[in-house]
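Reading the structure
Residue strings, one per chain:
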Amino acid sequence: MSQVAFRIRNELAMINGDFCGKDIVSLDQFARQDIEYLLPVIQHMKNLAVNHEVSHLLAGHLISLLFFEPSSRTFSSFAAAVKRLGGQTIEIQNPETVSSVSKGESFEDTIRVFEAYSSAIVLRHPVPGSARAAARAAKDIPVVNAGDGNNEHPTQTLLDMYTIYEQFGRLDHLTGLLAGDVFNSRTLHSLMRGLSLFNNNIVYLLSPPQLRLDRSDLAQFVKRGLRIIEIDSEKDIPHDCQFWYWTRIQKERFASLDAYAEIVAKNFTVTPSLLDTYASKNTILMDPLPRVGTIDPAVDDDERAVYLRSQIRNGLYTRMALLALILGKA
Ligand code: CP
């Protein structure tokens with residue numbers, strides 16, 4: 001697929017206490033109060049799903065899921081969220097091969113087509129800024145960013161923040177370790193934006209030297225009040241972290257396989273021994289997944305490991321809440 005470069009522009013509507021009709025493209029649209037408003041709605045959706053309650057909140061609504069990049073969790077949890085709320089989906093994975101994109105249809109025209117048939121579009125795309133471009137093209141319905149290149153993944157962050165809140169009862173005064181591909185991980189970029197909305201949060205960044213956070217992003221997050229400390233070794237991880245957030249090295253973002261191989265050759269894996277040596281008994285271990293050599297399966301049964309349990313499930317509840325809110329149903 002030829003990749004169009006999209007300009008990233010600051011023209012998104014702030015949530016400002018009202019989700020109805022809004023695109024969800026960036027964490028920059030959120031204020032602290034919007035996240036505080038969302039948390040109990042996610043809890044409500046969790047109760048509904050856990051109790052297998054029948055909901056018709058989205059009855060009559062069709063949501064288009066356009067995924068130009070592979071996905072296990074985001075795609076299936078959005079599909080499940082719509083169906084749990086009584087709505088229906090148009091599910092297109094790989095539009096570049098199965099839709100008229102393959103005949104040369106422009107990105108904007110493709111978005112307009114699905115706008116004509118749906119109440120909202122959920123878009124994953126490899127190019128940073130594509131979700132904003134889609135939001136500009138779809139004038140009458142909300143667009144939800146399900147990950148745009150190495151830029152942002154806002155719904156992942158909202159589920160991550162709910163996961164942290166569920167565990168600690170707060171989103172202020174947290175210390176976290178963000179590890180792995182800090183340069184390319186859109187989940188980390190959105191999470192830093194989210195944590196910077198709250199008070200006295202500190203993140204330690206541990207990455208291979210080639211994959212440090214972009215300097216302008218670092219300056220921006222620091223300016224917003226997030227304390228960022230870059231470290232080069234596991235030995236520098238503080239013992240008082242509430243959460244570790246591990247991410248895989250993103251092979252698909254490298255220009256050459258050799259450059260990728262050079263980095264992954266250096267072991268960057270959470271093992272039981274690493275967790276027992278540097279984490280506290282209350283530290284939760286998170287990973288947006290997929291894990292590709294990031295977490296030893298021997299860690300899975302540790303009660304601090306939430307990546308295969310609450311983090312995956314919270315994706316469903318969070319996406320149920322967001323869809324209901326943007327469609328004015330919650
Ligand atoms: N966390 C996440 O975005 O996973 P998928 O790529 O499987 O959707």
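The structure presented is a predicted model; accordingly, all values stated were derived computationally and were not measured.

Conventions we followed
The residue numbers shown here count from 1 along each chain, following its written sequence. For this predicted model, a pLDDT threshold of at least 70 governs which residues receive local features, and a threshold of 80 or more governs which side-chain atom pairs are given and counted, while totals over whole chains, interfaces and linings are taken from all residues. For side-chain calculations, the full set of non-hydrogen atoms in the structure is used, while hydrogens and water are omitted. By the criteria applied, helices consist of DSSP H or I runs no shorter than four residues and strands consist of E runs no shorter than two, each listed in order from the N terminus. For a compact globule the rule gives 2.2 Å times the number of residues to the power 0.38, and the radius of gyration it is set against comes from C-alpha atoms. Only protein chains enter the accessibility calculation, which uses a 1.4 Å probe; a residue is then buried when its area is under 20% of its type maximum, exposed when over 50%, and partly exposed in between. Two residues form a contact once any of their heavy atoms are found within 4.5 Å. Using a 1.4 Å probe, the Shrake-Rupley method yields the accessible areas, and only the shown protein chains count as cover for residues. In this charge count, Lys and Arg are treated as positive and Asp and Glu as negative; neither His nor the chain ends contribute. In plain terms, the charge of a residue is placed at NZ if it is Lys, CZ if Arg, CG if Asp and CD if Glu. To obtain an axis, a line is fitted to C-alpha atoms, over the contacting stretch when the element is a helix, and the angle between two such axes runs from 0 to 180 degrees between their N-to-C directions. Working definition: roughly parallel below 35 degrees, roughly antiparallel above 145 degrees, roughly perpendicular at 65 to 115 degrees, and oblique for all remaining angles. Note on convention: near helix rotated counterclockwise from far helix by under a right angle means a left-handed crossing. Clockwise means right-handed. Three categories are distinguished: nonpolar for Ala, Val, Leu, Ile, Met, Phe, Trp, Tyr, Cys and Pro, charged for Asp, Glu, Lys and Arg, and polar for the others, with Gly belonging to the last. UniProt positions are given in the numbering used here, feature names are shortened, and annotations may be inferred rather than shown by experiment. A pair of strands counts as paired when DSSP detects no fewer than two bridges linking them. Domain start and stop points were drawn from an automatic or database domain assignment. Take the accessible area each of two parts loses on contact, using a 1.4 Å probe, and add the two losses: that sum is the buried area. The working definition used for a salt bridge is a side-chain nitrogen of Lys or Arg within 4 Å of a carboxyl oxygen of Asp or Glu. Two N or O atoms form a polar contact when they lie within 3.5 Å of each other; inside protein one atom must be a possible hydrogen donor and the other a possible acceptor, and for residues adjacent in sequence the pair counts only when both atoms belong to side chains.

1. What to know about the overall build of the protein chain
- In terms of helices and strands, the protein chain carries 11 helices and nine strands.
- Whereas a compact globule of 330 residues would reach a radius of gyration of roughly 20 Å, the protein chain reaches 19 Å, a difference of no more than 12%.
- Judged by the C-alpha coordinates and their principal axes, the protein chain covers about 55 × 45 × 40 Å.
- Counting every position in the protein chain, which comprises 330 residues, the buried fraction comes to 56%.
- In the protein chain, once contacts between residues fewer than 6 apart in sequence are set aside, the share between residues at least 24 apart is 73%.
- In the form shown here, the protein chain has an accessible surface area of approximately 14000 Å², with 50% of it arising from carbon and sulfur atoms.
- Each charge class in the protein chain can be summarised by its mean position, and for the 34 positive and 38 negative side chains these summaries are 2 Å apart.

2. Points about the packing of helix α2 (residues 73–84) against helix α11 (residues 310–326)
- Closest axis-to-axis distance for the α2/α11 pair is 8 Å, and the angle between their directions is 50°. The orientation of α2 with respect to α11, classified from their angle, is oblique. Two packed elements cross with a definite hand, and for α2 against α11 that hand is right-handed. Contacts between α2 and α11 involve Arg73, Thr74, Ser77, Phe78, Ala80, Ala81, Val82 and Arg84 on the former and, on the latter, Ile312, Gly315, Leu316, Arg319, Met320 and Leu323.
- When its residues are assigned to classes, the contact of α2 with α11 shows eight nonpolar, three polar and three charged.

3. Side note on the UniProt feature "domain: Aspartate/ornithine carbamoyltransferase carbamoyl-P binding" (unreviewed entry) in the protein chain
- Per the UniProt annotation, the sites labelled "domain: Aspartate/ornithine carbamoyltransferase carbamoyl-P binding" (unreviewed entry) are residues 22–166.
- In this annotation, residues 22–166 is assigned 46% helix and 17% strand; the end-to-end C-alpha distance for the span is 26 Å.

4. Structural notes on the sheet that holds strand β9 (residues 284–286)
- Spatial ordering of the open sheet is given by β7-β6-β5-β8-β9, a layout of five strands whose pairing is parallel. The two strands at the open ends of the sheet, each matched to only one other strand, are β7 (227–231) and β9. Strand-to-strand twist in this sheet, taken as the mean axis angle between neighbours without regard to direction, amounts to 20°.
- Here strand β8 (residues 243–246) runs beside β9; their pairing, made up of three bridges, is parallel. Paired with Phe243 across the bridge in β9 is Ile284.
- Along the sheet face, helix α6 (residues 154–168) touches β8 and β9 and points at about 170° away from the line of β9.

5. Some points on the domain arrangement of the protein chain
- We note that the domain assignment places domain 1 (27–153 + 313–326) and domain 2 (155–312) within the protein chain.
- One C-alpha centre belongs to domain 1, the other to domain 2, and the line joining them spans 24 Å.
- Across the boundary between the two partners, domain 1 contributes 34 residues, which contact 33 residues of domain 2.
- Carbon and sulfur atoms make up 53% of the area that domain 1 and domain 2 hide from each other, which totals about 2800 Å².
- Taken as a group, Arg32, Arg73 and His153 account for 24% of the area that domain 1 buries against domain 2, more than any other trio of residues on that side.
- The tally of links between domain 1 and domain 2 comes to six salt bridges.
- Between Glu152 and Arg193 there is a salt bridge whose closest N-O contact spans 3.3 Å.

6. Considering the side chain of Arg124
- Considering the arrangement of structural elements, one finds Arg124 in strand β3 (residues 120–125).
- Although buried, Arg124 forms no salt bridge, and the nearest oppositely charged side chain, Glu69, lies 4.5 Å from it.
- At 3.0 Å, the side chain of Arg124 and the side chain of Thr74 are in polar contact.
- Sequence-distant contacts of Arg124, defined by excluding residues within four places in its chain, comprise Leu66, Phe67, Phe68, Glu69, Pro70, Ser71, Thr74, Ala146, Gly147, His153 and Arg186.

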